[in-house]
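# Close look at the chain arrangement
Each chain, written out:
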Amino acid sequence: MKTLEEIRKIREEKRKELDLRVNLQAGTTEKHILVCHGTGCTSSKSEDIIINLRKTLEEKGIENVRVIQTGCFGLCAKGPIVIVRPENIFYSNVRPDDAEEIINTHIVEGKIVERLLCRDIDGKLIEKLNDLSFYKKQMRIALKNCGTIDPENIDEYIAFDGYKALEKVLFNMSQDEVINEITESGLRGRRRCWIFNR
């Protein structure tokens, strides 16, 4: 990537491809199985879950399902976490041996694997991650794409507005406007010093 046009093209094309991650009404037969690849889930063998899901899909010849590693969902105590889109069903404490059941029951038969659903603090079974008491009052800003994109795929970052702030600074703002914006924001730390000392 060397030009702004290249970044914009990636953003537009990749976002269409990844629409299912955020648009639960997407008109598609494709499914995405999102598997947490944060530190807590990885230490509980989420990598093996990914391998087993992909292996089972391949053995069964299922082609319209993608298995994607994501960043941390922020609920390590319930990990590893697996979410199936577009249904947005949230499975917790998933083990590598559960991969085949998720494919057979959820993907092939279209039924929820109830034993893998999470229990909220009141004991109620929860199907959607955002229905957990833990998340109801949260509004993620800096971490809004965690659990949505593959953090090791730069095109997915760009698709979900990665580098948009840099684009604005480089092409739409003067140096004085940038300095004023940072001053008014109240930001502190090395980055602020770096900008003022340029």
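The preceding data block contains the structure.
Residues numbered from 1 in each chain as written. Predicted model: local features only at pLDDT ≥ 70, side-chain atom pairs only at ≥ 80, totals over all residues. Heavy atoms only, no water.

## What about the overall build of the protein chain?
Looking only at helices and strands, one finds 9 helices and 6 strands in the protein chain. By residue count, 39% of the 198 residues in the protein chain fall in the buried class. Considering only contacts in the protein chain between residues 6 or more positions apart, those separated by 24 or more positions represent 62%. As displayed, the protein chain offers around 12400 Å² of accessible surface, 49% of which is attributable to carbon and sulfur atoms. (Helix = DSSP H or I, 4+ residues; strand = E, 2+ residues; numbered from the N terminus. Buried < 20%, exposed > 50% of the residue type's maximum accessible area, 1.4 Å probe, protein only. Contact = heavy atoms within 4.5 Å. Areas by Shrake-Rupley, 256 points an atom, 1.4 Å probe, with all protein chains shown as cover.)

## Structural notes on the state of the cysteines
For the coordinates displayed, the defined rule picks out 0 disulfides. Counting only cysteine sulfurs, Cys72 is the nearest neighbor of Cys76, a cysteine outside any disulfide, at a range of 4.0 Å. (Disulfide = S-S within 2.5 Å.)

## Focus: the nonpolar core
Most often, soluble globular proteins keep nonpolar side chains buried together rather than apart. Core analysis: the biggest nonpolar cluster contains 21 residues, and Ile33, Val35, Leu53, Val82 and Tyr91 have the highest contact counts within it. The residues contacting Ile33, other than those within four sequence positions of it, are Leu53, Val65, Arg66, Val67, Ile68, Val82, Ile83, Val84, Ile103 and Ile107. Judged by nonpolar contacts, the second largest core, of 14 residues, contains Ile81, Ile126, Leu132 and Tyr135. (Core = buried A, V, L, I, M, F, W, Y, C linked by side-chain atoms within 4.5 Å.)

## Digging into the sheet that holds strand E2 (residues 65-70)
Taken in spatial order, the 4 strands of this open sheet run E2-E1-E3-E4, and their pairing is mixed. The sheet terminates laterally at E2 and strand E4 (89-91), the two strands that pair on one side only. Averaged over all adjacent pairs, the angle separating strand axes in this sheet is 20°, with direction ignored. With 4 bridges connecting them, strand E1 (residues 31-36) and strand E3 (residues 82-85) associate as antiparallel partners. For Leu34, the partnering residue across the bridge sits in E3 and is Ile83. The strands that helix H3 (residues 46-60) touches are E1, E2 and E3; relative to E2, the one it contacts most, it runs at about 170°. (Pairing = 2+ DSSP bridges. Axes fitted to C-alpha atoms, helices over the stretch in contact; angles between N-to-C directions.)

## Things to note about the packing of aromatic side chains
Under the counting rule described, the total for this entry stands at 1 aromatic pair. When the centroid spacing of 5.1 Å and the interplanar angle of 90° are considered together, the rings of Tyr157 and Tyr163 count as edge-to-face. Tyr157 sits in the partly exposed class, given a relative accessible area of 35%. For Tyr163, a relative accessible area of 33% corresponds to the partly exposed category. (Phe/Tyr/Trp six-rings, centres within 6.5 Å; stacked < 30°, edge-to-face > 60°.)

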